[in-house]
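Single-letter residue listing:
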Amino acid sequence: MKLSYLKYLFLVLLFVYACKKSDDAKEQIASFLGFQRPKNFPEPVYAFASNPITKDGFELGRMLFYEPRLSRDNTISCGSCHIQSSAFTQHGHDVSHGIDDRLGTRNSPPIMNLAWSKAFMWGGGVYDLDLQPIAPITTHEEMDEDLENVLNKLRQMPIYKNKFKVAFGSEQISTANFMKALSQFMLMCVSSNAKYDKVMRKEQNASFSTIEAEGYELFKNKCGNCHKEPLFTDGNFRNNGLAPSAINDLGLYTATLLESDRYKFKVPSLRNLKYTAPYMHDGRFLSLDAVFNHYSREVQNTPNLDASLVANGTRGIAISSDEKNKLLAFLNTLNDEEFINNKLLAEQ
């Protein structure tokens, strides 16, 4: 009798929680403002004129982002490898895990602030966000599906016909509108409310502590060349001196076939490092201590090593233990809890 009562109470609490979560999401949707450029961010580079974000387009994109029918065996969605609580990475995995638990060759990059990105993928090759989803959908190790098969699956579902009609004015589920809807969702994944942002925008009387401020000055001197504010990436492809992996991933070279692009990978943003471990394009470093150790002691003289890592003939970046602690304090100001808890971006 007692057990039955506890089970009943649990179900009631679960129902109340689900209703509240649903109500919170509905409230955010009701006040949907579309894409808003943060005051401390530059103008975006995405061509919004060709794909303006609407409430209905965004909602459709969110459904598609969490839709497992995008994969061949209907088990893997975009959200499987890009998890909101991990700043839309696949936390804990060095490389992506696709259908049948197949292993990819690179770490799942975070989905955030893509409106300011001119190139996508760790190794380049995609320069239009509206085309980017084709890569994971068709890659053998990831979703292993044919794009037309995906569209045919969606065409069999009345809910999607209705959603496309509301969002784009037609029940036709075309490649172009499919891609635009996904882009609308991803473009709304904006991380801009970390402590750093509030300090820069002079909001809520926010200010850096002494150690954070000292770390900020160190950051500008030692890291800011590649990790430019406020996005904390310059969006370029660079060779940061990692030892070649066992598979000898050549990075940007695989897309351009230019010798000058060997071992160059896209510079990641340093936002939300608290949530996005492991680090580097192949997830080889499990901690930020390992990352600091690489830059201070283990930079390799590989072809096309970035010039910023060879100062006065010495490879790497000199970082003392005290400086590391100050840098870590500053990097923690880039963690955006509002972003990873934004119910608007969660699966509904």
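Our subject is the structure listed above.
Note that this is a predicted model, so its numbers are computed, not measured. Every residue gets a number counted from 1 within its own chain, in the order that chain's sequence is written. pLDDT decides what is reported in this predicted model: residues at 70 or higher carry local features, side-chain atom pairs at 80 or more are listed and counted, and totals for whole chains, interfaces and linings draw on all residues regardless. For the side-chain quantities, the full set of heavy atoms in the structure was used; hydrogens and water were omitted.

Colleague: Break down the environment of Leu305 for me, citing the residues and quoting the values.
Modeller: In this description a helix means any DSSP run of H or I spanning at least four residues, a strand means any run of E spanning at least two, and both kinds are numbered starting from the N terminus. As for its placement among the helices and strands, Leu305 is situated in the loop between α11 (288-298) and β3 (310-311). With a 1.4 Å probe rolled over the protein chains alone, any residue whose accessible area is under 20% of its type maximum counts as buried; one over 50% counts as exposed, and the rest are partly exposed. In this structure Leu305 comes out as buried when scored by relative accessible area, which is 14%. Linking Leu305 and Lys264, residues 41 residues apart in sequence, is a C-alpha distance of 8.3 Å. Ignoring sequence-local partners within four residues, the contact set of Leu305 consists of Asn239, Asn240, Gly241, Val299, Gln300, Val310 and Arg315. Any two residues having at least one pair of non-hydrogen atoms within 4.5 Å are treated as being in contact.

Colleague: Which residues make up unusual backbone geometry, and what values do they have?
Modeller: Cis geometry marks the peptide bond from Glu229 to Pro230; its omega dihedral reads 0°. Looking at the secondary structure, you find Pro230 in the loop between α9 (210-222) and β1 (237-238). Cis geometry marks the peptide bond from Ala277 to Pro278; its omega dihedral reads 0°. Following the sequence through the fold, Pro278 ends up in the loop between β2 (265-266) and α11. Despite not being glycine, Met280 has its phi angle at roughly 85°, a positive value.

Colleague: Tell me what's going on with the packing of aromatic side chains, and back it up with residues and numbers.
Modeller: Only rings of Phe, Tyr and Trp enter the pairing, Trp through its six-membered ring, and a pair is recorded when the two centres are within 6.5 Å. The plane angle decides the type: under 30 degrees is stacked, over 60 is edge-to-face, the rest tilted. Applying the stated criterion across every chain yields a total of 22 aromatic pairs. Seen in terms of ring centroids, Tyr196 and Tyr216 are 6.4 Å apart; in terms of plane orientation they differ by 75°. Their pairing is edge-to-face. Note that Tyr196 is positioned in helix α8 (residues 195-200) and Tyr216 in helix α9, a separation of 20 residues in sequence. In this pair, the class of Tyr196 matches that of Tyr216, namely buried. Geometrically, the ring pair formed by Tyr216 and Phe330 is stacked, given 5.0 Å between the ring centres and 25° between the ring planes. With Tyr216 in helix α9 and Phe330 in helix α12 (residues 321-331), this pair connects stretches of sequence that are 114 residues apart.

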